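The residues making up each chain are set out below.
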Amino acid sequence: MEKEPASKVELAPGVGGGGEIPTFDVTLKVRRYNPEISDEAHWDEWKLTMYGTDRVLDALHKVKWEHDGSVSFRRSCAHGVCGSDAMRINGRNRLACKTLLKDLDTSKPILVEPIKGLPVEKDLIVDMEPFFQSYREIMPFLISKGHSPTKERLQSAEERERYDDTTKCILCAACTSSCPVFWTDGQYFGPAAIVNAHRFIFDSRDDAGDMRLEILNDKEGVWRCRTTFNCTEACPRGIQVTKAISEVKQAILTRKI
Amino acid sequence: MQVHKYDVVIVGAGGAGMRAAIEAGQRAHTAVLTKLYPTRSHTGAAQGGMCAALANVEEDNWEWHTFDTVKGGDYLVDQDAAEVMAKEAIDAVLDLEKMGLPFNRTPEGRIDQRRFGGHTRDHGKAPVRRSCYAADRTGHMILQTLYQNCVKHNVEFYNEYYVLDLLMVDQEVTVDGETRLEKRVAGVVSYDLASGELHVFQAKSVVIASGGVGKVYKTTSNAHTLTGDGMGIAFRRGIPLEDMEFFQFHPTGLAGLGILLSEAARGEGAILRNSDGERFMERYAPTIKDLAPRDIVARSMANEVREGRGAGPNKDYVLLDLTHLEPAHIDAKLPDITEFARTYLGVEPYTEPVPVFPTAHYAMGGIPTNISAEVLSDNETVVPGLYAAGEVACVSVHGSNRLGTNSLLDINVFGKRAGLAAAEYALTADFVEIPENPTAETEALLDRARSSEGGERVAAIRKELQDIMDANVQVFRTEQTLLEALSVIDGLEERYTRITVQDKGKRFNLDLLEAVELGFLLDMAKVMTAAALHRQESRGGHFREDFPERDDENFMTHSMAYKDPSATRTSGVRLETKPVIFTRYEPMERKY
Ligand SMILES: Cc1cc2nc3c(=O)[nH]c(=O)nc-3n(C[C@H](O)[C@H](O)[C@H](O)COP(=O)(O)OP(=O)(O)OC[C@H]3O[C@@H](n4cnc5c(N)ncnc54)[C@H](O)[C@@H]3O)c2cc1C
Ligand code: SF4
Ligand code: FES
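Residues numbered from 1 in each chain as written. Chains lettered and ligands numbered in written order. Predicted model: local features only at pLDDT ≥ 70, side-chain atom pairs only at ≥ 80, totals over all residues. Heavy atoms only, no water.

A.B. asks: Help me understand the overall build of chain A in this model?
C.D. replies: Helix and strand content of chain A: nine helices and seven strands. Split into buried and exposed, the 257 residues of chain A put 56% on the buried side. For chain A, contacts bridging at least 24 residues in sequence account for 64% of all contacts bridging at least 6. In the structure as shown, chain A presents an accessible area of about 11500 Å², 51% of it carried by carbon and sulfur atoms. Counting 37 positive and 39 negative side-chain charges, chain A places the centres of these two groups 2 Å from one another. (Helix = DSSP H or I, 4+ residues; strand = E, 2+ residues; numbered from the N terminus. Buried < 20%, exposed > 50% of the residue type's maximum accessible area, 1.4 Å probe, protein only. Contact = heavy atoms within 4.5 Å. Areas by Shrake-Rupley, 256 points an atom, 1.4 Å probe, with all protein chains shown as cover. Lys, Arg positive; Asp, Glu negative; His and termini not counted. Charge placed at Lys NZ, Arg CZ, Asp CG, Glu CD.)

In structure tokens:
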């Protein structure tokens, strides 16, 4: 059993971080688009004074709350778990709420654009429907044949571990909208749908793996993936997206899960 | 204006709303209206677990769980409701497993369980392993699993539809030859974010599942979107709100940010220390120490800071110490929250203690319901067809302080009950006629916000509101701080009539909706403060320094807050009381 921790310990000086929080100036450039006003997109920029722990989302809020209320973007949880605020920040797909300003090059303007490959609705807001449509097509729910037991189904810790990585997905679309194949072919299922198929294909409790593999064997399925790794780099949850896709490819070839 | 017609309309697609939708959707024509895409709901942020006396790893039973819930809530829990929840917990967890939820497993392949604050074996003898979990992502897994099953059952979602009004009519009913007016629900009015159009949904049953109100505070674990809309809408339509003075402050928010580090950290062995390196909870709760209920731990922490034993340059936080735990154990059980500490504070939890301070977390109070999730318009009258479940509701299973892991449980048990009851009612009832001009109030509200040119900024008013709530209505309260808060809120409310919304467009006008949300926040802050003023005792999450003892003689009652402009001392909120339901447990002193 675990041992009781000490009632009292000597703390190292300055422990727990903290200290004076430095402020710094940044220039935020946001790609604006509002078809109610104009069919053309343009850039707006603001100079802002921000704090050490501030994120890109804080900078966007500062703009919206203090300068221009019409700047539009989605957000909710503000700590990287709800998947609302994937956007292109300096050319890379990231969550605004998880990107610390101090980790960016603040000597140059920070460029913020909507994610690519999905229709832009207004400023940083895109139409997510095509993304969720692909997700729904891979049947993202447990399908189990046979009797359901009175208590829980058994699953060993190893079986549970097998699909752990892909259960972490928050459907933010950072991966799919960073994929060059998806940009040119919006019909491609895209990495996020494959990640979510993987989550069920490799779940020992699921009996519909074959059906899902068949769906992903389609011409718009896994074979379109060109292994560019953009998706893995983009994933804010650290999911090994490309690895998951190749495991699905492998399973289609061998029909072994 | 478009009009839609459904048997059941569910407001909100978090855990409670989607759990209800899975039941109602299979039985009646159902629509779910949600201001966020379902998977963005804040249920996904829940970390630690959902408790049920499965007894998979050690002896346990639902009666112990009921007792812990009642005691944890400082005896203000309705005991019939707690009993229902603890009994149905077991099926609620098994339901989720069958839907596909990837729980952590024991070596035998069963659902694993771990400790959580206030959950004990045999009426307080020792901590018990009762919380079922999936690493520190339990809420994420619940939200995903429920959404997956909604997709499976083809549940109809109206995403990014903000419900802004509840359509209620007074209908004459005759019972035993006596005729009286009874409140009936006819539907809801919603605003489509994409187009800016209003949509009326006529429904036989309406389930409110719109979540909490954490954004009345500055330091909070809650999402930006948790603005108390459902409570506000009901309150404005004459429904009382129950026990709103009880708001839970979770002990371990990342200092300065409020981002939550789950109690699971302490469940897995982490401990709190002050600036002297002392494990101070040994002084406040000698038996269960760091795993005492949240109100006690949060107050103890605030007290350490007040007495000058806070850590950091401003001595304004304490430390959560995980350094004695194995890194591999931390990675397996607490991967996300340790990453939060690294990402947002730059602290490495393997080797350094993490700065933490209480963060506004959970509304114990809300729309009063009975155990069938039916909404009450006073102490006993049910509003036919109107249901509420989840954080927006007050059943009351949490009393004056919720135990960790009891909310994910609550949303599943009472979400399911609400869905079933709403569908059942809809199958026999008729539609209530929509009142004439159903969108009049909503249009007036939006027009005021859009056309006012007073120059006041929504963000500035909201910030001042959050500042005063943090300063005056937090873990320590007195008559003076509360009265001061009320007068500040009154002032903010006056300024709110002079706001300017800059975005004048129809598409995705979030600027306008933030203004509307601020209106709900102001109303709820007022209700919470007035209720806190009314309760001249200390119990659970509500601590009055001027009345530091629990006073069962005068306050062993729920509070019921009604909108009433004549209650001028308390800013238009009238307070009444409602008896607590006792079944088996007599109030005792709450010691841990
Ligand atoms: C960080 C964190 C960790 C937690 N950890 C735990 C834990 O480990 N165990 C536990 O038991 N509890 C935990 N809790 C508490 C628990 O997660 C919540 O109380 C619970 O998930 C609330 O669920 P809900 O369905 O009521 O609301 P939510 O999940 O918040 O959903 C609210 C829904 O209502 C919708 N909505 C809101 N307003 C409107 C409107 N005007 N019109 C239309 N739709 C609207 C939203 O779109 C959303 O879909 C935690 C809470 C937080 C914040
Ligand atoms: S796999 Fe990662 S990047 Fe892709 S949607 Fe899921 S969380 Fe986002
Ligand atoms: S706001 Fe939720 S992920 Fe960024």
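Okay, back to it.
A.B. asks: Sorry if this is basic, but what is going on with the packing of aromatic side chains here?
C.D. replies: The description of two aromatic rings rests on the distance between their centres and on the angle between their planes. Using the criterion set out here, one finds 18 aromatic pairs over all chains in the structure. The interplanar angle of 70° and the centroid separation of 5.4 Å between the aromatic rings of phenylalanine 67 of chain B and tyrosine 585 of chain B together place this pair among those described as edge-to-face. Placement of the pair is phenylalanine 67 of chain B in helix H2 (residues 62-72) and tyrosine 585 of chain B in the segment after strand S20 (573-579), with a sequence separation of 518 residues. Three or more aromatic residues joined by ring pairs form one cluster here, namely Phe131, Phe132 and Tyr135 of chain A together with Tyr37, Tyr147 and Phe157 of chain B. A cation sits over an aromatic face here: lysine 71 of chain B above tyrosine 592 of chain B, 4.1 Å from the ring centre. The lysine or arginine in question, arginine 574 of chain B, covers the ring of tyrosine 562 of chain B, its NZ or CZ lying 4.8 Å from the ring centre. (Phe/Tyr/Trp six-rings, centres within 6.5 Å; stacked < 30°, edge-to-face > 60°. Lys NZ or Arg CZ within 6 Å of the ring centre and 35° of its normal.)

A.B. asks: Just to check I follow, could you spell out the interface of chain A and chain B for this structure?
C.D. replies: Often, the extent of an interface is quoted as the loss of accessible area upon association of its parts. Between chain A and chain B, the contact holds 78 residues from the first and 77 residues from the second. Summing both sides of the interface, chain A and chain B together bury roughly 6500 Å²; the carbon and sulfur share of this comes to 50%. Among the residues chain A hides against chain B, the three largest losses belong to Trp65, His79 and Glu152 of chain A. Together they make up 10% of the total. Inspection of the region where chain A meets chain B yields nine salt bridges. For the salt bridge of glutamate 160 of chain B with arginine 74 of chain A, the shortest nitrogen-to-oxygen distance reads 2.7 Å. Inspection of the region where chain A meets chain B yields 42 residue pairs in polar contact (both at pLDDT 80 or more). (Buried area = accessible area lost by both parts, 1.4 Å probe. Salt bridge = Lys/Arg side-chain N within 4 Å of Asp/Glu carboxyl O. Polar contact = N/O pair within 3.5 Å; in protein donor to acceptor, adjacent residues only side chain to side chain.)

A.B. asks: Honestly, the nonpolar core in this entry has me stumped. Any pointers?
C.D. replies: Grouped burial of nonpolar side chains is what soluble globular proteins tend to show. Counting 126 residues, the largest nonpolar core has Leu28, Leu60, Leu216 and Val248 of chain A as its most contacted members. Looking at this core, the element that brings in the most residues is helix H11 (residues 406-428) of chain B, giving ten residues. With residues up to four places along the chain from it excluded, the contact list for leucine 28 of chain A reads Asp44, Glu45, Trp46, Leu48, Ala59, Leu60, Val63, Ile110 and Val112 of chain A. Counting residues in each nonpolar core, the second largest holds 92 residues, with Ala298, Phe508, Ala515 and Met528 of chain B among its members. (Core = buried A, V, L, I, M, F, W, Y, C linked by side-chain atoms within 4.5 Å.)

A.B. asks: Mind showing me how you'd approach the sheet that holds strand S12 (residues 271-273) of chain B here?
C.D. replies: Across a sheet, paired strands are connected by hydrogen bonds in the backbone, their directions being either parallel or antiparallel. Residue and element names in this part refer to chain B. A sheet is described by the order of its strands in space; here four strands give the open sequence S11-S14-S13-S12, paired in antiparallel fashion. Each edge of the sheet is formed by a strand with only one pairing partner; in this case those strands are strand S11 (247-254) and S12. The sheet shows a mean angle of 45° between the axes of neighbouring strands, taken without regard to direction. Pairing of S12 with strand S13 (residues 318-321), which is carried by three bridges, proceeds in the antiparallel orientation. Along S13, the bridge assignment pairs leucine 272 with leucine 320. Across the sheet, helix H10 (residues 335-345) lies against S11 and strand S14 (354-363), angled at about 70° from S11, the strand it touches most. (Pairing = 2+ DSSP bridges. Axes fitted to C-alpha atoms, helices over the stretch in contact; angles between N-to-C directions.)

A.B. asks: When you look at unusual backbone geometry in this model, what are you seeing that I'm missing?
C.D. replies: Excluding glycine, most residues fall at negative phi; most peptide bonds, likewise, are trans. Residue and element names in this part refer to chain B. The residue after valine 395, namely serine 396, is reached through a cis peptide bond having omega 10°. Among the secondary structure elements, serine 396 is positioned in the loop between strand S18 (393-394) and H11. The backbone of alanine 55 shows a phi angle near 60°, a positive value even though the residue is not glycine. With respect to the helices, strands and loops of the structure, alanine 55 is situated in the loop between strand S3 (50-51) and H2. Taking relative accessible area as the criterion, alanine 55 reaches 34% and is therefore assigned partly exposed. The phi torsion at aspartate 243 lies on the positive side, around 55°, for a residue other than glycine.

A.B. asks: Help me understand the UniProt feature "active site" (unreviewed entry) in chain B, please; the structure alone is not making it clear to me.
C.D. replies: All names here are of chain B. Under the present numbering, the feature "active site" (unreviewed entry) in UniProt falls on Arg294. Within the secondary structure layout, arginine 294 lies in helix H8 (residues 294-306). Take arginine 294: its relative accessible area is 5%, and that puts it in the buried class. Residue contacts for arginine 294: discarding those within four places in its chain leaves Phe116, Gln248, Phe249, His250, Pro251, Glu263, His361, Asn401, Arg402 and Gly404. (UniProt positions renumbered as here; feature names shortened; annotations may be inferred.)

A.B. asks: What is the right way to look at the site of ligand 1 in this model?
C.D. replies: All names here are of chain B. Around ligand 1 sit 39 residues, and of these Ser41, Thr43, Glu391, Ser407 and Leu408 come closest. Between ligand 1 and threonine 34, the relevant distance is 2.8 Å, taken from an oxygen atom to a side-chain nitrogen or oxygen of the residue. Lysine 35 is positioned with one of its backbone polar atoms (N or O) 3.1 Å from a nitrogen atom of ligand 1. Burial of ligand 1 by the surrounding chains reaches 97%, relative to a free accessible area of 1000 Å². Elements with a minimum of two residues in the shell around ligand 1: helix H1 (15-25), strand S2 (30-34), strand S7 (161-175), S14 and H11. Examining the composition of the shell around ligand 1, we find that four residues originate from one element, H11, more than from any other. Among the residues making up the shell around ligand 1, the classes are represented as 16 nonpolar, 19 polar and four charged. (Near = heavy atom within 4 Å. Nonpolar A, V, L, I, M, F, W, Y, C, P; charged D, E, K, R; others polar.)

A.B. asks: In this structure, what is going on with the sheet that holds strand S1 (residues 23-32) of chain A? I would like to understand it.
C.D. replies: Residues and elements named next belong to chain A. Strand order across the open sheet formed by five strands is S2-S1-S5-S3-S4, with mixed pairing between neighbours. Lying at the two open borders of the sheet, with one neighbouring strand each, are strand S2 (42-51) and strand S4 (92-95). Each strand of the sheet is rotated relative to its neighbour by a mean of 35°, with strand direction disregarded. Pairing of S1 with S2, which is carried by ten bridges, proceeds in the antiparallel orientation. When the sheet's bridge partners are listed, threonine 23 is paired in S2 with tyrosine 51. Sheet strands touched by helix H1 (residues 56-67): S1, S2, strand S3 (86-89) and strand S5 (110-113). Its angle to S2, the strand with the most contacts, is close to 105°.

A.B. asks: What should I look at first to understand the site of ligand 2 in this one?
C.D. replies: Near ligand 2 the following residues occur: Cys169, Ile170, Leu171, Cys172, Ala173, Ala174, Cys175, Ala192, Cys235, Pro236, Arg237 and Ile239 of chain A. Of the residues that constitute the shell around ligand 2, the class distribution is eleven nonpolar, no polar and one charged.

A.B. asks: Explain the environment of arginine 121 of chain B here, please?
C.D. replies: Residues and elements named next belong to chain B. In this structure, arginine 121 sits in strand S4 (residues 113-121). On a C-alpha basis, the gap between arginine 121 and tryptophan 64 in space is 6.5 Å, while along the polypeptide they are 57 residues apart. The contacts of arginine 121, once residues within four sequence positions are left out, are Glu59, Trp64, Ala126, Pro127 and Val128.

A.B. asks: Explain the pairing of S2 of chain B to me, please; I cannot follow it from the model alone.
C.D. replies: Residues in a regular strand point their side chains to alternate faces of the sheet. Residues and elements named next belong to chain B. Among the five residues that make up S2, five are buried, leaving the element largely enclosed by the rest of the structure. With burial as the criterion, each face of S2 is covered, one bearing Thr30, Val32 and Thr34 and the other bearing Ala31 and Leu33. Of the strand pairs in this sheet, strand S1 (residues 2-11) and S2 are connected by four bridges, and their pairing is parallel. By the bridge assignment for S2, isoleucine 10 is matched with valine 32. For the crossover that starts at S1, traverses H1 and ends in the parallel S2, the hand is right-handed. (Right-handed = clockwise from strand over helix to strand, strands pointing away.)

A.B. asks: What is the right way to read the pattern of salt bridges from this model?
C.D. replies: Two side chains bearing opposite charge may form a pair once their charged atoms approach each other closely. Tallying each qualifying case throughout the model produces 86 salt bridges over all chains. Of the charged contacts in the structure, one is a salt bridge between lysine 102 of chain A and aspartate 103 of chain A, with a shortest N-O distance of 3.7 Å. The exposure class assigned to aspartate 103 of chain A is exposed, which follows from its relative accessible area of 56%. For lysine 504 of chain B, the salt bridge identified is with glutamate 453 of chain B, shortest N-O distance 3.4 Å. Highlighted residues: lysine 504 of chain B in the loop between helix H14 (479-496) and helix H15 (510-534) and glutamate 453 of chain B in the loop between helix H12 (440-451) and helix H13 (458-472), separated in sequence by 51 residues. By relative accessible area, lysine 504 of chain B is classed as partly exposed at 42%. Three or more residues joined by partner-sharing salt bridges are found here, namely Asp74, Asp243, Glu245, Asp295, Arg299, Arg535, Glu537, Arg539, Arg550, Asp552 and Arg590 of chain B.

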